[in-house]
Structures are given as C-alpha cells and as structure tokens.
Amino acid sequence: MSVKTLKIDGIDIAIEEGATVLDAARQAGVPIPTLCHLDGVGDIGACRLCLVEVGGSRRLLPACVTEVAEGMEVQTNTPKLQEYRRMTVELLFSEGNHVCAVCVANGHCELQDVAIQVGMDHSRFTYRFPDRGVDVSHEQFGIDHNRCILCTRCVRVCDEIEGAHVWDVAQRGAACYIVSGLNQPWGEVDACTSCGKCVDACPTGAIFRKGSTTGEKERDRAKLDFLVTAREKHEWTR
Amino acid sequence: MDKVRFATVWLAGCSGCHMSFLDMDEWLIELAQHVDVVYSPVGSDLKHYPENVDVCLVEGGIANEDNLELILQVRRQTKILISFGDCAVTANVPAMRNMLGGAEPVLKRAYLELGDVGPQLPHEPGIVPELLDRVLPVHEVVPVDIYMPGCPPPADRIRATLEPLLRGEMPLMEGREMIKFG
Ligand code: SF4
Ligand code: SF4
Ligand code: FES
C-alpha cells in the first residue's frame, strides 16, 4: 500500500493512496461541512458543500470525491470558501419549501445543522416556493418532496446497501425530483422491502415514518454504520 | 444615557414571537428601565408608529396591504430593524399559501371551495386589507439590520439579542443558541 503525504490547513497528513481529501481532513480532525456524503455508501459530489481550495488548481474541488495526491496543499476554510458554502446552503433553503417549524426533522435535521455551521441567519436568495408533492402511499413511510435537497443518499443507500434500488432521480435542473420504482407511487413498488434504510439515510425531513409529527424524526444512523462494518469487517454484533 | 426608543410590530405571524417576548418574565422589568416602549401590541396603547424609533422587533412576514404600509413606515422611522422570528426571516407558515399561486386561488380555495355555509369572497375596502399575491420575508421588502430566526425565538435568544443593543453594541448572531430555524 502506498502512502501519500499532503497538507490540509497547514497540518501534515500521511494517508493511503486512493483516500479522498475528506478522509484525510477527518483523519487530521479538520471539520469540513458535508451533506450528500454518507459513511458507507459511494460519494457523488452532489451538494458542493465540501468544496476546498487545492494549490495549483483554479477550480474549487469537492473534498468527498477528490483523491489525495503527493504534496497536495489544501485549504478548507478561506473567506472565499466560507462565502460559497453559505451561498450553497441559502440556495438549498430557497430552492425547496423548508418550513422548519412544522417539519418532522426539526431539531434533528442535517440541513439545519449546516445552516448553523455556516452562519446562515437568513437567505439572500428569493424563495422559489415550488409546487411539489407528498407521497404517503407506502404503508409505513412517506416522502415529502418539499423538503428534499436531492442529495441522493436514499438512492445510494437503497441501491448499495439494501440492494433494492427503489429510488432514482428524474428530470433535470430545477425540475429534478426523486422517483420510486418506475415513477410509481412508493406503495406500489414491489422492490421496496420496507427496510427503512432511506429514512435513516435522509438528512432532512423529506423521508419519514408515518405517524411522526413535528420534531419527532430521529434517525438511527448507527444502524447504517453497523450494516457497513458487518459487511466489510464481518463484525456481526452491535 | 437616554432611554432607547423601543417598538415591536406584529405583521403576518401568529403572535407566538410576542408571547416568547413576554416569556422573558422578570427581565422585562429590567428592560423597562432602559427603554421607552413607543409602539407595541403587547406593551403600548399607541395607534400610530412614531418617528425616531431606535430599535424595533418585527414579527411576521408581509402578507397584505396593511403589512406593507406599516413595514415601509417602520423602516423609514427606525434605526435598527430586527427581523424577529421565522415568519419575518423566511415568511414561514403564512407563506405556505405561496405554493398555491397568487392571492386569488388562495381566496377561492379558502372561502369558496372550503366554505361550508354561504361561500363568498371577503371584500371590504378600508376594513379588510387586500392580500398581496405572495407572502414575503421582511428583507425582501425593506433592508433589515439584524436577523433573529426561531419559531418562536426562545426568550433567552431575544434577551441575548437585546442586551448588547442596550449597551450600544451589535449582538453576535451565531451558533445554535442564536440562529437555529424552527
Ligand atoms: S428538512 Fe425540515 S427541519 Fe430541515 S431545513 Fe427543511 S424544513 Fe427545516
Ligand atoms: S429524499 Fe432525503 S435522502 Fe433522498 S435525495 Fe431527498 S433529501 Fe436526500
Ligand atoms: S459532501 Fe462533497 S459534494 Fe456533498
């Protein structure tokens, strides 16, 4: 195994080849905000919250899908990055319909957490108020597209961990939305095993258990970690 | 030091932010020693928003013509305008009607389609203010100096925002205690 050495915010780090800048930053204890990244499933660089500056590159690069390289110099918290991150979060809020006061995830929401992390006290972008639907056709769960930030964690957890691939993304740009099955109501998708992994993976209040009301959605994130370690390291007890 | 000329206004919100303000309990007595309450639905009986207000807490978004008229006046006559609570900062629950489109489909839905007895559209010019097409957060209508999210902002957050202002300093709106939505 070959090792790469690099600097993140001036801290020297040695990490195995193939690791991402995000892995390296976590190893060094440097916090980088993330939303679409979920431990245990593949990264796709959807949310752009983890953007960093890499010496020699004029573009900002997403830490979760950028591999470490020998001699890399990474900055994670410059004023420019702070400004872009805050704009990214503001765009997420103004794009959908986030009414935290009446949301199942209020108080346990990763979008709220990053808003606090990046210091967002209001959105400078005009709210779109898009017309989006809610699907409660599944016996146990529901999906509220108003609160979806299109991170695709549900898509990946269902495909990569459960192996059911119930979810996918339809349309383009602002019209994008998450579909179940062949764009059917969730309750009619035979492939769904009702395992609930998407509920635990969803960072917001978009996918929820029926019957939970304001602020009641608390996810069991440890369950996903446990399943991944069980598979990779053959540790079968929690 | 002169007393701070202090006001609160209530636009399109549920009054919960004002209830949370009252929830500051005995600190209100302390506050009263430093401010003159020149306009407020919970602290003054004056009907007209006065000139030269130092600090104003604005609860609620801008939903109708009365809200619009008052917020323009508040901005003209106030030094420090605080967007007070989620309805002021994001338009929040009142703005859920924006998803239906303009004022007309909203009124039709509420008063005709869902009206059980004698469905009719409200129309009393000069008495019932006309709805604007969209409910807007305060800062989309006038400039705002301080944003205090929360539904409602807890009493401690309100106090932590006002205390520095009484000393002539700006509060630091940062961290979960000060800027969590919802
Ligand atoms: S998902 Fe819910 S709690 Fe999270 S930001 Fe959106 S509305 Fe607020
Ligand atoms: S439903 Fe949840 S997990 Fe799926 S894309 Fe939307 S926010 Fe992400
Ligand atoms: S966490 Fe890297 S792009 Fe979302």
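Cut-offs applied
- Each chain has its residues counted from 1, running along the sequence as written.
- Labels follow written order: the first chain is A, the first ligand is 1, and so on.
- The model is predicted, so local features are restricted to residues of pLDDT at least 70 and side-chain atom pairs to those at 80 or more, both for listing and for counting; the totals for chains, interfaces and linings are taken over all residues.
- Note that the side-chain values use all heavy atoms of the structure and ignore hydrogens as well as water.
- Helix numbering and strand numbering both begin at the N terminus, where a helix is a DSSP run of H or I of at least 4 residues and a strand a DSSP run of E of at least 2.
- When a residue's accessible area, from a 1.4 Å probe over protein chains only, is under 20% of the maximum for its type it is buried; when over 50% it is exposed; and in between it is partly exposed.
- Pairs of N or O atoms within 3.5 Å make up the polar contacts considered here, provided that, within protein, one atom can donate a hydrogen while the other can accept it, and that residues adjacent in sequence are counted only when both atoms are side-chain atoms.
- Here a residue-residue contact requires only that any non-hydrogen atoms of the pair lie within 4.5 Å.
- DSSP bridges decide pairing: two strands pair if at least two such bridges lie between them.
- Axis lines are fitted to C-alpha atoms, over the contacting stretch for helices. Their N-to-C directions set the angle, which ranges from 0 to 180 degrees.
- The cut-offs work like this: below 35 degrees is roughly parallel, past 145 is roughly antiparallel, 65 to 115 is roughly perpendicular, and the gaps in between are oblique.
- Two helices crossing with the near one rotated counterclockwise from the far one by less than a right angle form a left-handed crossing, whereas a clockwise rotation gives a right-handed crossing.
- Buried area is understood as the total, over both parts, of accessible area removed when two parts are fitted together, assessed with a 1.4 Å probe.
- Think of a salt bridge as a Lys or Arg side-chain nitrogen and an Asp or Glu carboxyl oxygen that are within 4 Å of each other.
- Under the scheme applied here, ten amino acids are nonpolar (Ala, Val, Leu, Ile, Met, Phe, Trp, Tyr, Cys and Pro), four are charged (Asp, Glu, Lys and Arg), and all others, including Gly, are polar.
- Whether a residue is near a molecule or strand is decided by its heavy atoms; if any one of them lies within 4 Å of it, the residue is near.

**Student:** An account of the side chain of Asp144(A) is requested, with residue identities and associated values reported.
**Tutor:** Residues and elements named next belong to chain A. With respect to the helices and strands, Asp144 occurs in strand 7 (residues 141-144). A residue is classified by how much of its surface remains accessible, and Asp144, at 10% relative accessible area, is buried. There is a polar contact of 2.8 Å between the side chain of Asp144 and the side chain of Asn146. Beyond its immediate stretch of four places on either side in the chain, Asp144 contacts Gly133, Val134, Ala206 and Phe208.

**Student:** Residue-level account of the sheet that holds strand 7 of chain A, with values.
**Tutor:** Judged by pairing direction, the sheet is antiparallel, and its three strands sit side by side in the order 6-7-10 (chain A) without closing on themselves. Either end of the sheet is taken by a strand with one partner, and the two such strands are strand 6 (134-135) and strand 10 (207-209) of chain A.

**Student:** Let's hear about the packing of helix 2 (residues 27-34) of chain B against helix 6 (residues 155-166) of chain B: which residues, and what values?
**Tutor:** All names here are of chain B. At a minimum axis distance of 11 Å, the contact between helix 2 and helix 6 shows a crossing angle of 25 degrees. If you check the angle between helix 2 and helix 6, you find them roughly parallel. Between helix 2 and helix 6 the crossing geometry is left-handed. Residue-level contacts link Trp27, Leu31 and His34 of helix 2 to Arg159, Leu162, Glu163 and Leu166 of helix 6.

**Student:** How would you summarise the interface of chain A and chain B if you had to cite specific residues and measurements?
**Tutor:** Many structure descriptions define interface size as the accessible area lost when the parts assemble. Each partner contributes residues to the interface: chain A has 23 residues there, and chain B has 23 residues. Across the interface of chain A and chain B, roughly 1,900 Å² is buried in total on both sides, 66% from carbon and sulfur atoms. Joining chain A to chain B, the criterion identifies one salt bridge. With a closest N to O distance of 2.5 Å, Asp113(A) and Arg176(B) form a salt bridge. The class makeup of the residues in the side of chain A that touches chain B is 11 nonpolar, eight polar and four charged.

**Student:** I'd like to hear about the site of ligand 1, residue by residue, with values.
**Tutor:** Taken together, the neighbourhood of ligand 1 is formed by Phe93(A), His98(A), Val99(A), Cys100(A), Cys103(A), Asn106(A), Cys109(A), Leu111(A), Gln112(A), Arg147(A), Thr204(A) and Gly205(A). Among the residues forming the shell around ligand 1, the class breakdown is six nonpolar, five polar and one charged.

**Student:** Describe in detail the site of ligand 2, supporting the description with residues and values.
**Tutor:** The full set close to ligand 2 counts 13 residues, and Cys148(A), Cys151(A), Thr152(A), Cys154(A) and Cys202(A) are the nearest of them. Residues that form the shell around ligand 2 fall into these classes: 10 nonpolar, two polar and one charged.

**Student:** Report on the sheet that holds strand 2 (residues 35-39) of chain B, specifying residues and quantitative values.
**Tutor:** Residue and element names in this part refer to chain B. Read across the open sheet, the five strands follow the order 2-1-3-5-7; overall the sheet is parallel. The open sheet has two edge strands with one neighbour each: strand 2 and strand 7 (146-148). Each adjacent strand pair in this sheet contributes to an overall mean axis angle of 25 degrees, direction not counted. Running over the sheet, helix 3 (residues 65-77) touches strand 1 (4-10), strand 2, strand 3 (53-59) and strand 5 (78-84) and is turned about 135 degrees from strand 5.

The quantities given are spatial measurements derived from coordinates; they are silent on function.
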